[in-house]
Amino acid sequence: MKYYSLNNKQHKVSFENAVIQGLAPDSGLYFPENITALPSSFFDKIEGLSNEEIAFKAIEQFITPEIPETDLKQIIKETLSFDLPVAAIENNVFSLELFHGPTMAFKDVGARFMSGCLNYFNHNQQKKSTVLVATSGDTGGAVANGFLGSENIDVVILYPMGKVSDFQERQLTTLGHNIKTIAINGSFDDCQAIVKKAFTDIDLKHKNLTSANSINIARWLPQMFYFLFAYKELKKYKKPLIVSCPSGNFGNICAGVLAKRLGLPVSHFVASTNANNTVPRFLKNGIYEPSATIATISNAMDVSDPSNFIRIRELYNNDLKAFSNDFTAYSFTDEETKKVLTEVYKIKNYLMDPHGAVAYLGLKKELEKHPGSMGVFLETAHPVKFLEIINETLNSDIEFPEITNPLSEKEKIMKICNNYEDVKHFLLK
Ligand SMILES: *Cc1c(COP(=O)(O)O)cnc(C)c1O
């Protein structure tokens, strides 16, 4: 399979090059040249397949034979070494819990898959490279964990200073070894802009920089597994399925749209955002106009210019009408998020994190329009990652002692940088 740059369809590279470069030299995102739907028999029999089998069938066309079948199966096995359960919350409303991985956010799957691919390619070539990654909170921890101890790979994480939770910051700054962390005096969008700039800087070429954000094809593609797993669990209810994703950089929901392109029977997607509402505004007025990033309690979604939205547009050939038939976007305030988090905890006895709560709000709103449907929202992070805000919201003192203690004793180590030049200097050192 070849991948083309969304800035220039003539520029095509192999899967390996797309993974290693992260972003095309013209700054375009890579996109698969062909997408072939899976046979309907696959969906007819999906409940009889293991998660690993489902994942392999879905992703095989994008990766083999560059990574041979047996190696790909091994990477999938290591990627999916934890549970991804569906919890029933109320009538026709389910939560797909994606936080049972090592860093307790859904990004573990993408990060581990990517690390498996990059290690495979590096191992064959004895090459050294640096993974440079911007994080709004959870990506950095997942990537650090996925690459910790990888022999030929250094990881440099950029995060917006003061805009991630204490738990997240500990995951970013306490690992050491081949993991280095930079706190940027700015927003996530600033971090993302610095990363993009570094990729096109010839002074850094010898560093073999690669991205591990969802702009990287190896992080983005495996996220489609979630949607297939959710369907496998919910198919038995025989109702049209609505999926709501808490959306920031729009990688996750874009992978859902890809799964639909493979034939997955999802009747509707809801992109649920916090106050950073560039996409909901775009769907209303057709104008894509990012504004300044707003800090919210669902900080991993504090993104005003979502990188992957362009991939979703490509999946719909830029046909806005076809797109809006399948896709709705809603934005919610922190007040609405806190209110629903409290209600669901008190009434349904289910503790959501602020991101899951935003997705729950979007799902409920969409279900009102489709009374015969059922819906699943993606619960993308464990509540422990946002304990301060949850306890403040619920006026409670919930604890997860077994989870918080080991990290809280470690010293946070990070370099503070104000701009691109500072980061470049750090990378060259
Ligand atoms: C990254 C993240 C999101 C947003 O996912 P995108 O793919 O960037 O849209 C949502 N929730 C949590 C907990 C996250 O870490």
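One structure accompanies this document, and this report is about it. (Residues numbered from 1 in each chain as written. Predicted model: local features only at pLDDT ≥ 70, side-chain atom pairs only at ≥ 80, totals over all residues. Heavy atoms only, no water.)

## Here's the deal with the sheet that holds strand 3 (residues 30-32)
Then step 1. Pairing is antiparallel across the open sheet formed by three strands, whose spatial order is 2-1-3. The sheet terminates laterally at strand 2 (8-13) and strand 3, the two strands that pair on one side only. Each adjacent strand pair in this sheet contributes to an overall mean axis angle of 40°, direction not counted.
Then step 2. In terms of strand pairing, strand 1 (residues 3-5) meets strand 2 through three bridges, oriented antiparallel. In the strand pairing of strand 2, serine 5 is matched with asparagine 8. (Pairing = 2+ DSSP bridges. Helix = DSSP H or I, 4+ residues; strand = E, 2+ residues; numbered from the N terminus. Axes fitted to C-alpha atoms, helices over the stretch in contact; angles between N-to-C directions.)

## Here's the deal with the packing of aromatic side chains
Then step 1. On inspection of all chains with the given rule, the structure shows 21 aromatic pairs.
Then step 2. Members of the aromatic cluster, each reached through a chain of ring pairs, are Phe250, Phe282, Tyr288, Phe309, Tyr316, Phe323 and Phe327.
Then step 3. Here the basic side chain of arginine 311 rests over the ring of tryptophan 220, its NZ or CZ set 4.5 Å away from the ring centre. (Phe/Tyr/Trp six-rings, centres within 6.5 Å; stacked < 30°, edge-to-face > 60°. Lys NZ or Arg CZ within 6 Å of the ring centre and 35° of its normal.)

## Thoughts on unusual backbone geometry
Then step 1. With an omega of 0°, the peptide bond running from threonine 64 to proline 65 counts as cis.
Then step 2. Following the sequence through the fold, proline 65 ends up in the loop between helix 3 (51-63) and helix 4 (69-79).
Then step 3. For histidine 177, which is not glycine, the phi dihedral falls at a positive 55°.
Then step 4. Examined against the element boundaries, histidine 177 turns out to sit in the loop between helix 7 (166-173) and strand 8 (179-184).
Then step 5. One non-glycine residue, asparagine 208, adopts positive backbone phi at about 45°.
Then step 6. Relative to the assigned elements, asparagine 208 resides in the loop between helix 8 (188-199) and strand 9 (209-211).

## Some words on the site of the ligand
Then step 1. Lining the immediate surroundings of the ligand are 15 residues, of which Lys107, Asp138, Gly248, Asn249 and Thr380 lie closest.
Then step 2. The separation between an oxygen atom of the ligand and a polar side-chain atom of lysine 107 is 2.6 Å.
Then step 3. In the model, an oxygen atom of the ligand is placed 2.8 Å from a nitrogen or oxygen of the asparagine 249 main chain.
Then step 4. Here the ligand has 390 Å² of accessible area as a free molecule, and 98% of this is covered by the chains. (Near = heavy atom within 4 Å. Polar contact = N/O pair within 3.5 Å; in protein donor to acceptor, adjacent residues only side chain to side chain. Areas by Shrake-Rupley, 256 points an atom, 1.4 Å probe, with all protein chains shown as cover.)

## Brief notes about the packing of helix 15 (residues 334-348) against helix 16 (residues 354-369)
Then step 1. One can describe the packing of helix 15 onto helix 16 by two numbers: an axis separation of 9 Å at closest approach and a directional angle of 90°. As summarised for this structure, helix 15 and helix 16 are arranged roughly perpendicular, according to the angle between their axes. Side by side, helix 15 and helix 16 meet where Glu336, Thr337, Val340, Leu341 and Val344 of the first sit next to Pro354, Ala357, Val358, Tyr360 and Leu361 of the second.
Then step 2. Here the contact of helix 15 with helix 16 is built from residues that sort into eight nonpolar, one polar and one charged. (Parallel < 35°, antiparallel > 145°, perpendicular 65-115°, else oblique. Contact = heavy atoms within 4.5 Å. Nonpolar A, V, L, I, M, F, W, Y, C, P; charged D, E, K, R; others polar.)

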